[in-house]
Amino acid sequence: MNKKYLNIRSIFSFSLFICLICYIYFLRPISLVSCAWAEGSIITTEKGKKLVEIAAIQKIPDEELNQILGVIQKAGDERFPTEPFLNKALEGMSKRVSPTLILKALKDRLEHFRTCQRLLQSMPESEKEPESQKQQVLTIITESIIRGANEKELEELAGLAPTPRSINLANASEDLATFKNHGFSSADAMEIVKAGLKNGIYEERSSETAAIIQEANQKGFSVDELKGIFLSNIQKGNRMIRRGMVYPKPGQGNSSRQQPQVRGNNFRGSPSSR
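Scoring rules and cut-offs
Position labels on residues start from 1 in each chain and follow its written sequence. Local features in this predicted model are restricted to residues of pLDDT 70 or higher, and side-chain atom pairs are both shown and tallied only at a pLDDT of 80 or more, whereas totals for entire chains, interfaces and linings draw on every residue. In computing side-chain properties, one takes all heavy atoms of the structure into account and sets aside hydrogens as well as water. In this scheme, a residue with accessible area under 20% of its type's maximum is buried, one over 50% is exposed, and one in between is partly exposed, where area comes from a 1.4 Å probe on protein chains only. Helix and strand definitions follow DSSP, with helices as H or I runs of at least four residues and strands as E runs of at least two, each counted in order from the N terminus. Picture the helix axis, draw a direction to every C-beta atom, and the arc is the one those directions span. By the convention used here, residues are in contact when the closest approach between their heavy atoms is within 4.5 Å. Pairs of N or O atoms are called polar contacts if they sit within 3.5 Å, as long as, within protein, a hydrogen donor faces a hydrogen acceptor (for residues adjacent in sequence, only side-chain-to-side-chain pairs). To form a nonpolar core, buried Ala, Val, Leu, Ile, Met, Phe, Trp, Tyr and Cys residues must be joined to one another through side-chain atoms within 4.5 Å. The predictor's confidence in any single residue is recorded as pLDDT, a number from 0 to 100. The rule for a salt bridge is simple: a side-chain nitrogen of Lys or Arg has to be within 4 Å of a carboxyl oxygen of Asp or Glu. The span one expects for a helix is its residue count, reduced by one, times 1.5 Å. Only Phe, Tyr and Trp rings take part, Trp by its six-membered ring, and two of them pair if their centres are within 6.5 Å. Stacked means planes under 30 degrees apart, edge-to-face means over 60, and tilted covers everything else.

*Asks:* Please set out helix H7 (residues 151-160) residue by residue, giving values where relevant.
*Replies:* Inspection of H7 places Glu153, Leu154, Leu157 and Ala158 among the buried residues, and these make up the whole buried set. Projected onto a plane normal to the axis of H7, the buried residues spread over an arc of 140 degrees and lie on a single side. Relative to its buried face, H7 has exposed residues pointing more than 90 degrees away, namely Lys152 and Gly159. Looking at the packing, one finds that the buried side of H7 touches helix H5 (99-121), helix H6 (131-146), helix H8 (165-181) and helix H9 (186-198). N-capping of H7 is provided by Asn150, with a side-chain oxygen placed 3.2 Å from the backbone N of Lys152.

*Asks:* Give a detailed account of the nonpolar core, specifying residues and quantitative values.
*Replies:* Burial of nonpolar side chains together is a common tendency in soluble globular proteins. Judged by nonpolar contacts, the single largest core of 61 residues is most densely connected at Leu51, Ile68, Ile72, Met93 and Leu157. Considering each element in turn, this core owes the most residues, eight residues, to H5. Apart from residues lying up to four places away in sequence, Leu51 is in contact with Ile68, Leu69, Ile72, Leu86, Ala89, Leu90 and Met93.

*Asks:* Requested: an account of the confidence of the model for the protein chain, with residues and values cited.
*Replies:* Parts of the prediction with low pLDDT should not have their coordinates interpreted in detail. Summary statistics for the protein chain give a mean pLDDT of 80 and a share of 72% for residues scoring 70 or more. Below a pLDDT of 50 lies the segment residues 20-36, which in the model reaches 22 contacts outside its immediate sequence neighbourhood of four places, other chains included. Low pLDDT, under 50, characterises residues 253-274; the predicted model gives this stretch 62 contacts beyond four residues in sequence or across chains.

*Asks:* Explain the pattern of salt bridges to me, using residue names and the numbers behind them.
*Replies:* According to the stated counting rule, one finds 15 salt bridges in the structure shown. Between Arg109 and Glu143 there is a salt bridge, and its shortest N-O distance comes to 2.4 Å. Note that Arg109 is positioned in helix H5 and Glu143 in helix H6, a separation of 34 residues in sequence. Under the relative-accessibility criterion, Arg109 is labelled buried at 7%. Here Glu156 and Lys194 are joined by a salt bridge, their closest N and O atoms 2.9 Å apart. Here Lys194 lies in helix H9 and Glu156 lies in helix H7, a separation of 38 residues in the sequence.

*Asks:* Kindly report on the side chain of Ser144, identifying the contributing residues and their values.
*Replies:* Examined against the element boundaries, Ser144 turns out to sit in helix H6. A residue is classified by how much of its surface remains accessible, and Ser144, at 1% relative accessible area, is buried. Within the structure, the side chain of Ser144 is placed 3.0 Å from the side chain of Ser173, a separation counted as a polar contact. One polar contact links the side chain of Ser144 to the main-chain amide nitrogen of Glu174, over a distance of 3.3 Å. If sequence neighbours within four positions are ignored, Ser144 has contacts with Ala149, Ser173, Glu174 and Ala177.

*Asks:* Can you break down the environment of Gly196 residue by residue, with the values?
*Replies:* Note that Gly196 resides in helix H9. In this structure, Gly196 is in contact with Ile201, Tyr202 and Ile234, ignoring residues within four places of it in sequence.

*Asks:* Hey, could you go over the environment of Pro99 for me, with residue numbers and the actual values?
*Replies:* Tracing the backbone through its elements, the reader meets Pro99 in helix H5. The sequence separation of Pro99 and Ile60 amounts to 39 residues, and the corresponding C-alpha distance is 7.6 Å. Beyond its immediate stretch of four places on either side in the chain, Pro99 contacts Ile60, Glu64 and Ile68.

*Asks:* With reference to specific residues and values, describe H8.
*Replies:* In this model, H8 (17 residues) spans 24 Å end to end at C-alpha, consistent with the 24 Å of a helix rising 1.5 Å per residue. Of all 17 residues making up H8, 14 are buried, and the element is well covered by its neighbours. Backbone geometry just after H8 places Gly183 at a positive phi near 95 degrees.

*Asks:* Break down the packing of aromatic side chains for me, citing the residues and quoting the values.
*Replies:* Going through the model one piece at a time under the given rule, you end up with four aromatic pairs. Taking 5.3 Å as the distance between ring centres and 35 degrees as the angle between the ring planes, the aromatic pair formed by Phe80 and Phe113 counts as tilted. Pair noted here: Phe80 is in the loop between helix H3 (62-77) and helix H4 (83-94) and Phe113 is in helix H5, with a separation of 33 residues, a long-range link. Here Phe80 matches Phe113 in class, with each residue buried. Chaining the aromatic ring pairs together yields one cluster made of Phe80, Phe85 and Phe113.

*Asks:* Could you give an account of unusual backbone geometry, with specific residues and numbers?
*Replies:* The linkage connecting Thr163 with the following residue, Pro164, adopts the cis geometry, with an omega of -5 degrees. Relative to the helices and strands, Pro164 is located in the loop between H7 and H8. At Arg96, a residue that is not glycine, the phi angle is positive and equals roughly 55 degrees. Within the fold, Arg96 resides in the loop between H4 and H5.

Structural data, given as structure tokens:
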């Protein structure tokens, strides 16, 4: 009798455990969707669903999750790409960052997108661009702001950007942030990037700027020397400098060092390696 009672009790306990798991993984997200979000909203996307699932596992209160989802939904409603917002939220949750900090990061990102949109609206020709291109340009410039470029610098570059202006501005902003992140002053970074715009090197994206700087630093070049090398090559109609070239040994002449020359066009790539 006792054994039978224990078996029934074990089965009952196991059933309760299964019900709890089902609630965490299925019922809570469904309840959130039905109560707070309409069909076709951000919550119905693959990454949106994943966000809700992770929030359930981490027991993030619905109120805080709804605030996070609300910012992402607002970005979509304002016709900004939602992928960067979803990725940022997922990154934060995977690192168990507090919902308050995730929310702040998303709100800041939304403000940056609005800043970039105002900047592009000063270029009437950008309105004729395909929607996918507009979103890509907005994302690149926004990421540049997050990485250290500022609105005043971008406004100045926008005034110098040749046609197609939005593409040139986006690619130049990316290099500006990269230079500033690698020890170049704002003035030096702007001088190089403005020279690049003037000489038309920013119609295509570059993935190598950061790697070039790191390689040159390892060879013993200072920021001032690198600035001179970049400007010299740009003014000669070259596209910056390229990786893998032979540099003079450190100590061979400081400012009188022989400057490496570019052969061919190596100014293509994605932003991931910047």
